[in-house]
Each structure stands twice: as structure tokens, then as C-alpha cells.
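Residue strings, one per chain:
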Amino acid sequence: MNSCTEKRWRASAHNVAYQTQLFHDGRENSLENQVWGPLLAKNEMANPSIGFVIDKLKHLPDYRGRFERTFGGSPPTVETIGMALASYERVLLSGASAFDRWRYGNQSDALSGSAERGYRLFTGAARCNGCHTVGDDHALFTDHRLHNTGVGYAASMRDNSGVRKVLVAPGVYLEINRQAVADASEPRPNDLGRYEITQDPADRWQYKTPGLRNVALTAPYMHDGSLPTLRDVVRFYNRGGVPNEGLDPMIRPLGLTETDVDDLVAFLESLTGGNVDVLVSDAFAAPIGDTGD
Ligand code: HEC
């Protein structure tokens, strides 16, 4: 099977067990159902149908008897494949970051001074925790809700006219006609967020608040990967997002200094789990199934 390339998947499957809404527009609410999205999506694993996946698993020698043994005699089906993948995702838990040790483990030297100041900003003047919730007994950094920060609006409004300077080698720019690029590319799919599910105009450009654990490892950022670095994300918030009719009232210019920006980035970097290396090597240690491509 092809590897997953879409941003929503790269956005990390760690700690999905705690998510109540999945995908950036919240279209699925159970992991068991969600797994079929990437399995079938044309731009992800591109399997032609559910039946195709089921047949393929049934015929792979590695899987012979495994589903039957695990699911009380049931072969691979739409339900048991969903359950198997969801159970795997639920054990991808990542914690014990420097932040956790500092905040919940009484290890006062686990955070740098800069990251600690970043945390104060995050929960104070910058009010990031209005959406990326963190409290005395929980720190998933998401309110499980959808908000309009202006990212989707900006993508919808992006202008295809004029020329764009593209860096092709260090110091070498080419001027590219935007319309020529658009003509030669596949049309960009609509980017309307929650609206695509509800058809309610008030939901336009609303996306799920992502949790921020391991965020330093999952660039680029936002549902469309439009911001390359964490610093770009913090600067985006500092400017007040992208103003539009439905902009969330919590998104407004913050007046942060460059040092404040550095501190917030240092804090976000402190959210990388202590066990990430182990999770990654576990995942690679067990080649199974169709590893031929
Ligand atoms: C009004 C709610 C809200 C507030 C306030 C908010 N965020 Fe977000 N944040 C979101 C949403 C929604 C997204 C996803 C946007 C998208 O995908 O287009 C997001 C995305 C992000 C991402 C990218 C995560 C990824 O994996 O792509 C980072 C990092 C982030 N926020 C950090 C912050 C910081 C730092 C602050 C404070 C300066 C902040 N947020 C304030 C709702 C909020």
C-alpha cells in the first residue's frame, strides 16, 4: 500500500485515543470509522474500495488466521479492520515531555527559562489556552472544538493573478506567472472546513483545534500545511490571524515582542514526548503485510 502523504495524517497519530473529533473538519468521531478515510482517499492510500482492502488482507499470508483469532472467528471485515487499526492507534500514547516533567512531575529544572516564560504567555497574555486547553489535571492542548483562525479563509481567497517569485537555488529567484501554474495544476479542492459537512455558512473556515504534543516534529503547520515553522505559526497569531467575517473573537493581534515569540516557540518545543524514539522504532521493528512498495 502507498504511504500516507496527506498533511492531516502526518499531523501525528499520537494521542488520538483522546480525540473526540477526527480530521481537521471533525467529519468522523470514531477511530474505527476514521481509518477508512485515508485507506480509500485518492490522494492518500488510494485503495479502490472497501472490498479491495478486505480481499487484499485475506490473501496476505502474514494475516492468515490473525483476524479470526483476535475477533472471535470473524475474518477481516469493514468492522474488524476498523477495530484493529483503531486499537493500534490507541496505544500510540506520547507523554513525559519536558513540559510534563516540569508541570506535573515537580521537576523544576526540566524547562528552560525561555520555555517557562513561553508557558506563562501561552496561558496568560497570549491566551492560547483558550483553545489549546491545559489545566491542573489535563494537558491535551485542545478544546475538541472547531474555530476560524483565518487559515482556510486565506487559502480560499488566494489570488491566482500576477507573478510570484520562487526561490530555485540559494539566492536565485524565478518569476512565475501564477495563472500558468494554476492552469497546469489540478484545481485546488474547496477549503471550507466545517461548512463542507454542515453546509451552514457560519461554519465556513472552521477547523478543529489540534493538540500540540510533539508539534515540533510535525511541520508544516495548520490543516493545509501553509505555515512552514512554529515561529511562523506564532507570528501568524501575533498578527491576529487572517481577519474575516467569521474570525474567532479570541484571535486578535497580540503585540508580542521577538523575545516573546522565541519563548512561545521554546515552550512548544518542550512538548515533545520522552518516548517518541521508542514509538518510532517500535513501528519500524515489525514489518508486516504488504511491505513490497
Ligand atoms: C480561537 C482558538 C485558538 C487560539 C486562541 C489559538 N489557537 Fe492554535 N489553533 C487553533 C486551530 C483551530 C488550529 C488549526 C487551524 C487549521 O488547521 O487551519 C490551530 C493550530 C495551531 C498550531 C498548528 C498545529 C499543527 O499541528 O498544525 C499551533 C502550533 C498552534 N495552533 C499554536 C497556538 C499558539 C501558540 C497560540 C497562542 C498564541 C494559539 N495556537 C492560539 C485554534 C486556536
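Residues numbered from 1 in each chain as written. Predicted model: local features only at pLDDT ≥ 70, side-chain atom pairs only at ≥ 80, totals over all residues. Heavy atoms only, no water.

Attention shifts here to the overall build of the chain. In terms of regular secondary structure, the chain is built from 14 helices and four strands. When the 293 residues of the chain are sorted by exposure, 37% land in the buried category. Considering only residue pairs separated by 6 or more positions, the chain has 63% of its internal contacts joining residues 24 or more positions apart. As displayed, the chain offers around 16300 Å² of accessible surface, 53% of which is attributable to carbon and sulfur atoms. (Helix = DSSP H or I, 4+ residues; strand = E, 2+ residues; numbered from the N terminus. Buried < 20%, exposed > 50% of the residue type's maximum accessible area, 1.4 Å probe, protein only. Contact = heavy atoms within 4.5 Å. Areas by Shrake-Rupley, 256 points an atom, 1.4 Å probe, with all protein chains shown as cover.)

Attention now goes to the coordination of the iron atom of the ligand. Donor atoms from the polypeptide that bind the iron atom of the ligand are His-132 (NE2) and Tyr-237 (OH), placed at 1.9 to 2.0 Å. Seen from the iron atom of the ligand, its six donor atoms lie at angles of 80 to 179°, and the figure they make is octahedral. With His-132 in the loop between α8 (113-123) and β1 (146-147) and Tyr-237 in helix α12 (residues 230-238), this residue pair connects regions lying 105 residues apart in the sequence. Overall, Tyr-237 belongs to the partly exposed group, its relative accessible area being 22%. (Donors = N, O, S within 2.8 Å, 3.2 Å for Na, K, Ca; no water. Tetrahedral: all angles 85-135°; square planar, octahedral: opposite > 155°, others 65-115°.)

A cis geometry characterises the amide bond from Ala-219 onward to Pro-220, with omega recorded as -5°. Mapping Pro-220 onto the fold places it in the loop between β4 (207-208) and α12. Its identity as a non-glycine residue notwithstanding, Ala-46 has a phi of 55°, on the positive side. In this structure, Ala-46 sits in the loop between α3 (36-40) and α4 (50-59). Phi at Trp-205 takes a positive value of approximately 60°, unusual for a residue other than glycine.

Turning our attention to the site of the ligand. In the vicinity of the ligand lie 22 residues, with Cys-128, Cys-131, His-132, His-223 and Tyr-237 positioned nearest. A distance of 2.8 Å separates a nitrogen atom of the ligand from a polar side-chain atom of His-132. Counting residues per element, the ones that place at least two in the shell around the ligand are β4 and α12. Among the elements that make up the shell around the ligand, the one with the highest residue count is α12 (three residues). Its residues placed into classes, the shell around the ligand shows 14 nonpolar, five polar and three charged. (Near = heavy atom within 4 Å. Polar contact = N/O pair within 3.5 Å; in protein donor to acceptor, adjacent residues only side chain to side chain. Nonpolar A, V, L, I, M, F, W, Y, C, P; charged D, E, K, R; others polar.)

For the rest of this paragraph, the subject is the pattern of salt bridges. Oppositely charged side chains are able to pair whenever their charged atoms sit close together. The full count for this structure, using the stated rule, is six salt bridges. Across the pair Glu-116 and Arg-120 runs a salt bridge, and its minimum N-O distance is 3.6 Å. Of the two residues, Glu-116 and Arg-120 both sit in helix α8, four residues apart, roughly one turn of that helix. (Salt bridge = Lys/Arg side-chain N within 4 Å of Asp/Glu carboxyl O.)

Attention now moves to the side chain of Asn-244. Looking at where Asn-244 falls in the secondary structure, it is placed in the loop between α12 and α13 (258-269). A distance of 3.0 Å separates a polar side-chain atom of Asn-244 from the backbone nitrogen of Gly-246. Beyond its immediate chain neighbours, meaning those up to four positions away, Asn-244 contacts Asn-148, Gly-150, Tyr-153 and Trp-205.

Glancing now at the nonpolar core. Ranked by internal contacts, the top residues of the largest apolar core, which has 32 residues, are Phe-99, Phe-122, Phe-141, Leu-264, Phe-267 and Leu-268. In terms of residue count, α13 provides more of this core than any other element does, six residues in total. Look past the residues within four positions of Phe-267 in its chain and what remains in contact with it is Phe-99, Ala-115, Gly-118, Tyr-119, Phe-122 and Phe-141. Counting residues in each nonpolar core, the second largest holds ten residues, with Val-35, Trp-36, Leu-39 and Ile-54 among its members. (Core = buried A, V, L, I, M, F, W, Y, C linked by side-chain atoms within 4.5 Å.)

As a further point, take α12. Of the residues making up α12, those classed as buried are Leu-230, Val-233, Val-234, Phe-236 and Asn-238. Looking one or two places after α12, you find Gly-240, whose phi comes out positive at around 90°.

With their axes 7 Å apart at the nearest point, α8 and α13 run at an angle of 100° to one another. By the angle between their axes, α8 is roughly perpendicular relative to α13. Only Asp-260, Asp-262, Asp-263, Leu-264, Ala-266, Phe-267 and Leu-268 of α13 make contact with α8, whose side of the interface consists of Ser-114, Ala-115, Arg-117, Gly-118, Tyr-119, Leu-121 and Phe-122. Here the contact of α8 with α13 is composed, by residue class, of eight nonpolar, two polar and four charged. (Axes fitted to C-alpha atoms, helices over the stretch in contact; angles between N-to-C directions. Parallel < 35°, antiparallel > 145°, perpendicular 65-115°, else oblique.)

Looking now at α8. Within the span of α8, buried status applies to Ser-114, Ala-115, Gly-118, Tyr-119, Leu-121 and Phe-122. Down the axis, α8 shows its buried residues gathered within 165° of arc, on one side only. Summarising the contacts, the buried residues of α8 are in contact with α7 (98-103) and α13. (Arc of directions from axis to C-beta.)

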